[in-house]
Amino acid sequence: MTQIAAVRGVLPEHRYAQAELTRAFVREWELEGGRRTLLERLHRNVGVEFRHLTLPIQRYVEISDFGAANEAYVDGALDLGARASETAIEEAGLDPRDIDLILLASTTGVAAPSLDSRLVERLGLRHDVKRLPLFGLGCAGGAAGLARVHDYLRGWPDHTALLLSVELCSLTLQRDDLSIANFVGSALFGDGAAAVVACGAGRRTAGPSVIATRSRFYPGTGHVMGWQVSAKGFQVMLDPGIPDLVRTHLAHDVDGFLAEHDLTTKDVTAWVCHPGGPKVLEAIAETLDLPDGALDVTWRSLARNGNLSSASVLHVLRDTLALRPEPGTHGLLMALGPGFCAELVLLRW
């Protein structure tokens, strides 16, 4: 079984209250009347109190096109990713040269050579380290990344892997897009990174174990979530029907996955859920019939940081570990993302 040795989450230094960001968007978009009322209502109702941005807020008006935004993404992602990786490796009590695989999940910018390759020398990784960059999984990337690390370590049980998720969502917002989807994005998403150090069964750690994983793709849902890519960059797609998809599919998939391990939702004591927004979290709690408070850690992460795309579920994992779940109990880590898809990871503390 894969052993989780360390989980660290990091955030950019520029922290803003939601109300301050709301005022900034009203000014930038010169909103009045009904559009202003709509934006302000969305910003109030998403459950976000603070967000962190990779740049000072006044710098965003200087970004003129996709190229400038992507350049800022590469610079910011490397700095934030290095911080997350260094602290996770240190927390695990390892040296960077102990890392055999680096898997990087990010969907808010593009880079070739990929970010992981640019971190090899910066972090002091071995020159024969295996690299696996993942793009396009969006909010599911952190959970999917942990699942793919588990797959790798089952084949290489004496190896150690570094999973890095870094997302700078603020650099993707379109300044001339007054759609509801972009308004929701302006209300919900923040910037952040997270790193996980995981070891194969041949290296024991004090952290939780990954028992099994499950990926689920839902046909005919490619329009639900993702990017429309143009000369202006990434334009967000967010369908209001996402909560209904959760209600239709998630309980069946979760129940079936747990049943394969002689478990039910009642046996899960820690729900490590991606903070996809209030309506999605309410749909998850409803369809899985979760007890009151089951998603409290996720709700707190949403309030403190907003939605960090792929990095968010790893922040929730870190916060869950800090609560010291009872040894021998089970947790379920899960996230939803473009595809439309679900990623499930069964944990044992």
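Quick caveat: nothing in here was measured; it's all calculated off a predicted structure. (Residues numbered from 1 in each chain as written. Predicted model: local features only at pLDDT ≥ 70, side-chain atom pairs only at ≥ 80, totals over all residues. Heavy atoms only, no water.)

Here's the deal with the environment of L94
Tracing the sequence through the fold places L94 in the loop between α3 (66–91) and β4 (101–105). Exposure remark for L94: the relative accessible area of 25% places this residue in the partly exposed category. Note: C-alpha distance between L94 and A283 (189 residues apart in sequence) is 40 Å. In this view, L94 contacts I89, T160 and V197; residues no more than four positions away in its chain are not counted. (Helix = DSSP H or I, 4+ residues; strand = E, 2+ residues; numbered from the N terminus. Buried < 20%, exposed > 50% of the residue type's maximum accessible area, 1.4 Å probe, protein only. Contact = heavy atoms within 4.5 Å.)

A word on the nonpolar core
Grouped together as the largest cluster of nonpolar side chains are 39 residues, with contacts concentrated most on V254, W271, I284, L288, L332, M334 and F340. Listing elements by their share of this core, those giving two or more residues are α6 (180–188), α7 (242–259), β11 (268–273), α8 (278–287), β12 (330–337) and β13 (341–348). Apart from residues no more than four positions distant in its own chain, F340 is found in contact with R216, F217, Y218, T221, V224, M225, I242 and L245. Within the second largest apolar cluster, 36 residues are counted, among which are Y16, L55, A72 and V129. (Core = buried A, V, L, I, M, F, W, Y, C linked by side-chain atoms within 4.5 Å.)

Observations concerning the packing of aromatic side chains
Evaluated as defined, the whole model comprises seven aromatic pairs. Relative to F234, the ring of W227 lies with its centre 5.0 Å away and its plane at 15°, an arrangement referred to as stacked. Overall, W227 belongs to the partly exposed group, its relative accessible area being 25%. Members of the aromatic cluster, connected to one another through ring pairs, are F66, F135, W227 and F234. Here R15 stacks its cationic end above the ring of F50, 3.7 Å away from the centre of that ring. (Phe/Tyr/Trp six-rings, centres within 6.5 Å; stacked < 30°, edge-to-face > 60°. Lys NZ or Arg CZ within 6 Å of the ring centre and 35° of its normal.)

Quick word on the packing of helix α1 (residues 18–29) against α6
At a minimum axis separation of 10 Å, α1 and α6 run at an interaxial angle of 145°. Facing α1, whose interface residues are Q18, F25 and W29, α6 presents N182, F183, S186 and A187. Looking at the contact of α1 with α6 residue by residue, the class counts come to four nonpolar, three polar and no charged. (Axes fitted to C-alpha atoms, helices over the stretch in contact; angles between N-to-C directions. Nonpolar A, V, L, I, M, F, W, Y, C, P; charged D, E, K, R; others polar.)

A look at the UniProt feature "domain: Chalcone/stilbene synthase N-terminal" (unreviewed entry) in the protein chain
In this numbering, the UniProt entry assigns the feature "domain: Chalcone/stilbene synthase N-terminal" (unreviewed entry) to residues 6–198. Along residues 6–198 one finds 44% helix and 21% strand; the C-alpha atoms at either end are 7 Å apart. (UniProt positions renumbered as here; feature names shortened; annotations may be inferred.)

Side note on the pairing of strand β7 (residues 191–199)
Burial analysis of β7 places nine of its nine residues in the buried class, which makes it a mostly covered element. Of the two faces of β7, the one carrying D191, A193, A195, V197 and C199 and the one carrying G192, A194, V196 and A198 are both buried. In the sheet, strand β1 (residues 2–10) pairs with β7 via seven bridges, with the strands oriented antiparallel. Bridge pairing in β7 links G9 to A194. (Pairing = 2+ DSSP bridges.)

Brief notes about the layout of surface pockets
Here the largest pocket is characterised by a volume of approximately 980 Å³. V184, L188, L238, I242 and G276 are, among the 45 residues lining the largest pocket, the residues nearest its centre. Among the secondary structure elements, those contributing two or more residues to the lining of the largest pocket are α2 (33–45), α6, β9 (225–230), β10 (233–238), α7, α8 and β12. When residues of the lining of the largest pocket are assigned to their parent elements, the largest contribution, six residues, is made by α6. Along the lines of polarity and charge, the residues of the lining of the largest pocket split into 27 nonpolar, 14 polar and four charged. Of the volumes computed, that of the second largest pocket is approximately 710 Å³. Taken together, 32 residues make up the lining of the second largest pocket; nearest its centre are Y60, V61, S170, L173 and R175. Mapped onto the lining of the second largest pocket, the elements with two or more residues apiece are α1, β3 (50–53), α3 and β10. Take the lining of the second largest pocket: its biggest share by element is six residues, from α1. Taken together, the residues of the lining of the second largest pocket break down into 16 nonpolar, nine polar and seven charged. (1 Å grid on protein atoms, 1.4 Å probe; cavity = no way out; pocket = protein on both sides within 12 Å on 5 of 7 lines; lining within 4 Å. Points joined across faces, edges and corners; volume = space filled by probe spheres on them.)

A look at the side chain of H52
Tracing the backbone shows H52 in strand β3. From its side chain, H52 meets the backbone oxygen of P12 in a polar contact 2.8 Å long. (Polar contact = N/O pair within 3.5 Å; in protein donor to acceptor, adjacent residues only side chain to side chain.)

Focus: the UniProt feature "domain: Chalcone/stilbene synthase C-terminal" (unreviewed entry) in the protein chain
According to UniProt, the "domain: Chalcone/stilbene synthase C-terminal" (unreviewed entry) feature falls on residues 214–348. Each end of residues 214–348 is marked by a C-alpha atom, and these two atoms are 15 Å apart; helix forms 36% of the span and strand 28%.

Focus: the side chain of N182
Structurally, the position occupied by N182 is in helix α6. A distance of 2.9 Å separates a polar atom in the side chain of N182 from the backbone oxygen of Q174. Setting aside its immediate chain neighbours within four residues, N182 contacts W29, L173, Q174, D177 and V236.

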